[in-house]
Amino acid sequence: QDEHPAPGEMAPQTQDAVPIGEGWARHDATFLVHGPSQVFFAQQGDQRGKYMVQGDDGKLVVCPAPHDSVDAPIELRAAAASVIRAAQEAFAGAGAAASAGRSADADRKLERAVVIAEMPKTARLALRFPLGFLDTPASMYALFGGLRGSAAAAHWCASQFHQRLLPEIAKHIHGWWDAEAEMPEELLYRGSHVGSIASVLRGVLEGLNRDLLAGQHGLGGCDAALGVLIGENLVVACAGKATATLLFDDAEPIRLLQPVTEGDPDAEEADVAEAEAAKTMPANLGHAADSGAFLNRQGLLTRAKCSWDAAAPAKSADAGGVPEDDVARILRAPDAFAVLGLPAPGPANAADVRSLYKKLALRVHPDKVRNCDPMDAKTAFERLDTASRAIEALVEHDREACHELHRVLQSDPFTLRGAAAMLKVDTDAEEKQVKKALEGLTTRLEKLRAKDADREISRGIRACEAAAETLQIASRGGATGAAGERLLAEGVPESSLSAFGMRDLRGIGGKFEVRTSSWRTGEAMRLALCVGATAELSMADLQESAHLFSMQPKASAIQWATRALASQSGRLDSSASAICASIRERDEEEEANNVEDARAAKRQKGVRGPKSLRVRHLMLRCADVGKHLPDDPNARRTKPPARKADAGTRTPAEAEAELITILKSLLMMQAEGKDDNKLSSEFRKLCQQHSECSSAESAGQLCGDLGWMSRGQSEVTFEQAAFGLRRYEFSDVVTTLRGVHLIQRI
């Protein structure tokens, strides 16, 4: 009987050649094809056994063989965690638009996380295609933090990211390399066919941002921190207010990526585009820039037009409010007409403009104003002078066109009604109508070539173009609705201007930017991905708050998020989140102790460790707010000694915090040099005092002991945590349907 040839080997002429890996499909009688990468393999004929791709002329040319995946000798654990601020604190600092219509028990979590431990498994089960050429481990992590008090954009990005990234990764079957070090020989001969994770990540994220802007969540936005690990090749990417940091047990931490802000001494060289973008920013709080950007009193950026419209009712004396002083009003005015306070339809003639200018000049002249910053008064006077000259030139050139420009600038182009009113079309107008209206209006404005008025004319044309885009997006089913339009009034920190979305801020300081970095793993480390509040933590904060949890990523992430909220009392972020990935060298000696298990791991790739093991655990029962504890026949019959008799039901977050305190005490003892037997004895005592599992009622050495367990006998999360432990090692915080657990392998 003929033997079946090994992958990539030449078979006898009577047999078909067999390609490396999986995912090949029949193309014709001669060739197989790998669909995602469009690499062909000749099973018969003159090119038998060769891999080929289509050249520029459409003909097949020989290419290198696909990468034969390698299992890197590292262990990897990863988890995401969020901490939500108490409702009364969060609402005390929330903006009016963000908190409108929200109840105290609404979801205040603004971040969304994606943690995929095994990319090939996810691709096969969820997306129905194999990823058979990746080194292992092959994992991906993404953390999106919603901006403007809304998680909608973050949720959309999190749901789309892996569905877009995995097919792109499937297109590259010749291996990956992003490190600055010299490419290894096994990849070198493949040359340009070797993929770059950074390039793929950048392309996927740029496409994600384009589609977000063109959809119903385009006025929202989100910061993002992402990581992809293939074998020992780690690549991270960030957009907006996000950081990626490496933490080591015996070395100083390394900040791979951080937000780039104006004047940041740690930032790398700023390119010309960033320097130009900085010019669009307002000089001071409460000021509007010529670009249309406005910096509110909290230091957050929004559009001057939106801020002007939102503040108008509150500043109106007729509405019972306190009239605003002229200096402050001029400084935040979105355009020249607003600076002069001209009502619709606009000035009748140049004399009206000069008369109004003289009245205002007396009230804002630096020598006349009291109880005001002299520099603010000077800036306001200069703005008044510039605005007066522009409007006077416009009305003298073409009064009707001047009135048309005034009408345009009074509408908000990022709301559906405002855009329709500006272009004088219906809100459901077809794209052809919108295009025709835009061409007619911009043509008329472009003819307004009046001296000193170019800035206002350009402002009007840009507003018309934005209005047309708003209507076109709506016609394609991407209307933001009232909830989305409320976000326009919410400010954004300067460090988030390079984040996803925020269509209204593009061109006035906001510019999407993806930053990437790479690292070759091979030593014990933790990767910290942070956005929003956690991105403000220094490297020392990250190191100090979780230095004991080297292989407990969820505990680390919870500590970081908790610390971020504790240091954010002034800002009152409603939530904080982080992702932690813990990496260490594989214990080959322990694996070699069980030859049968080592062989099984080769047969079933990715499954490592013993077939059975013995564990002890400490479990705390918990339930979401307003819900009862789930029925558990294996629960402890009496309250544990450490639990007060009148204690209420814990929430999952409270249970996790309690377990982290216990875990921290055990790891501190371990760091102080206590041996494994003493630690096990201490853990038995803690199980007897705290655990709410019936196993805690067992006497002596058996307290908390679950005995020997095999794969498939417990919940997946519990099994994965238990079988990933070394002997006497403590697990991370583990959540199951029964409660929250701390596990020790014994």
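Figured I'd write up the structure that's included with this text. (Residues numbered from 1 in each chain as written. Predicted model: local features only at pLDDT ≥ 70, side-chain atom pairs only at ≥ 80, totals over all residues. Heavy atoms only, no water.)

Another point: empty space enclosed by the protein. Under the definition given, this model contains two cavities of 30 Å³ or more. Each pocket or cavity is described by its volume, and for the largest cavity that value is around 60 Å³. Lining the largest cavity are Phe414, Thr415, Leu416, Thr470, Ile473, Ala474, Gly478, Ala479, Thr480, Gly481, Glu485 and Arg503. At the level of secondary structure, the elements contributing two or more residues to the lining of the largest cavity comprise helix 16 (454-475) and helix 17 (481-486). Ranked by residues supplied to the lining of the largest cavity, first place goes to helix 16 with three residues. The class makeup of the residues in the lining of the largest cavity is five nonpolar, five polar and two charged. Considering only enclosed or pocket space, the second largest cavity measures out at about 40 Å³ in volume. Around the second largest cavity, the lining residues are His34, Pro130, Leu131, Gly132, Phe133, Leu134, Ile169, Ala170, His172 and Ile173. (1 Å grid on protein atoms, 1.4 Å probe; cavity = no way out; pocket = protein on both sides within 12 Å on 5 of 7 lines; lining within 4 Å. Points joined across faces, edges and corners; volume = space filled by probe spheres on them. Helix = DSSP H or I, 4+ residues; strand = E, 2+ residues; numbered from the N terminus. Nonpolar A, V, L, I, M, F, W, Y, C, P; charged D, E, K, R; others polar.)

To continue, consider the packing of helix 15 (residues 431-446) against helix 16. Viewed as axis vectors pointing N to C, helix 15 and helix 16 meet at an angle of 180°, and their least axial separation amounts to 10 Å. Viewed along their axes, helix 15 and helix 16 adopt a mutual orientation that is roughly antiparallel. Residues Glu431, Val434, Leu438, Leu441, Thr442, Leu445 and Glu446 of helix 15 touch helix 16, and the partners they reach there are Ile457, Gly460, Ile461, Cys464, Glu465, Ala468, Leu471, Gln472 and Ser475. Of the residues that constitute the contact of helix 15 with helix 16, the class distribution is nine nonpolar, four polar and three charged. (Axes fitted to C-alpha atoms, helices over the stretch in contact; angles between N-to-C directions. Parallel < 35°, antiparallel > 145°, perpendicular 65-115°, else oblique. Contact = heavy atoms within 4.5 Å.)

Sheet architecture is open: four strands sit in the order 20-19-22-21, paired in antiparallel fashion. Edge positions in the sheet fall to strand 20 (705-710) and strand 21 (734-735), since each of these pairs with one other strand and no more. Note: strand 21 against strand 22 (residues 740-745), two bridges, orientation antiparallel. Note on strand 22: the bridge partner recorded for valine 734 is histidine 741. Running at roughly 25° to strand 22, helix 22 (residues 652-671) makes contact with strand 19 (612-620), strand 21 and strand 22 of the sheet. (Pairing = 2+ DSSP bridges.)

A few words on the environment of valine 235. Tracing the chain through its elements places valine 235 in strand 10 (residues 233-239). Classification of valine 235 by relative accessible area gives buried; the value is 0%. C-alpha separation for the pair valine 235 and arginine 520, spaced 285 residues apart in sequence, amounts to 8.8 Å. Not counting the four nearest positions on each side in its chain, valine 235 is found in contact with Asp178, Ile197, Ala198, Leu201, Leu226, Gly227, Val228, Ser517 and Ser518. (Buried < 20%, exposed > 50% of the residue type's maximum accessible area, 1.4 Å probe, protein only.)

This paragraph deals with the environment of proline 282. Along the polypeptide, proline 282 turns up in the loop between helix 7 (272-278) and strand 13 (293-295). For proline 282, a relative accessible area of 9% puts it in the buried group. A C-alpha to C-alpha distance of 9.8 Å links proline 282 and isoleucine 508, two positions 226 residues apart in sequence. Not counting the four nearest positions on each side in its chain, proline 282 is found in contact with His287, Ala289, Ala293, Phe294, Leu295 and Leu301.

Given a rise of 1.5 Å per residue, 14 residues ought to cover 20 Å, and the 20 Å separating the end C-alpha atoms of helix 19 (residues 553-566) matches this to within 8%. Of all 14 residues in helix 19, 11 are buried, a share of seventy percent or more. Listing the buried residues of helix 19 in full gives Pro553, Lys554, Ala555, Ser556, Ala557, Ile558, Gln559, Trp560, Ala561, Ala564 and Leu565. (Expected span 1.5 Å × (residues − 1).)

Right, let's talk about the side chain of arginine 515 for a bit. Among the secondary structure elements, arginine 515 is positioned in strand 16 (residues 515-520). The charged side chain of arginine 515 is buried without a salt bridge, its nearest counter-charge being glutamate 513 at 5.0 Å. A distance of 3.0 Å separates a polar atom in the side chain of arginine 515 from the backbone oxygen of glutamine 258. In this structure arginine 515 touches Val236, Ala237, Cys238, Ala239, Gly240, Ala242, Leu257, Gln258, Pro259, Val260 and Ser498, once residues within four positions along its chain are discounted. (Lys, Arg positive; Asp, Glu negative; His and termini not counted. Salt bridge = Lys/Arg side-chain N within 4 Å of Asp/Glu carboxyl O. Polar contact = N/O pair within 3.5 Å; in protein donor to acceptor, adjacent residues only side chain to side chain.)

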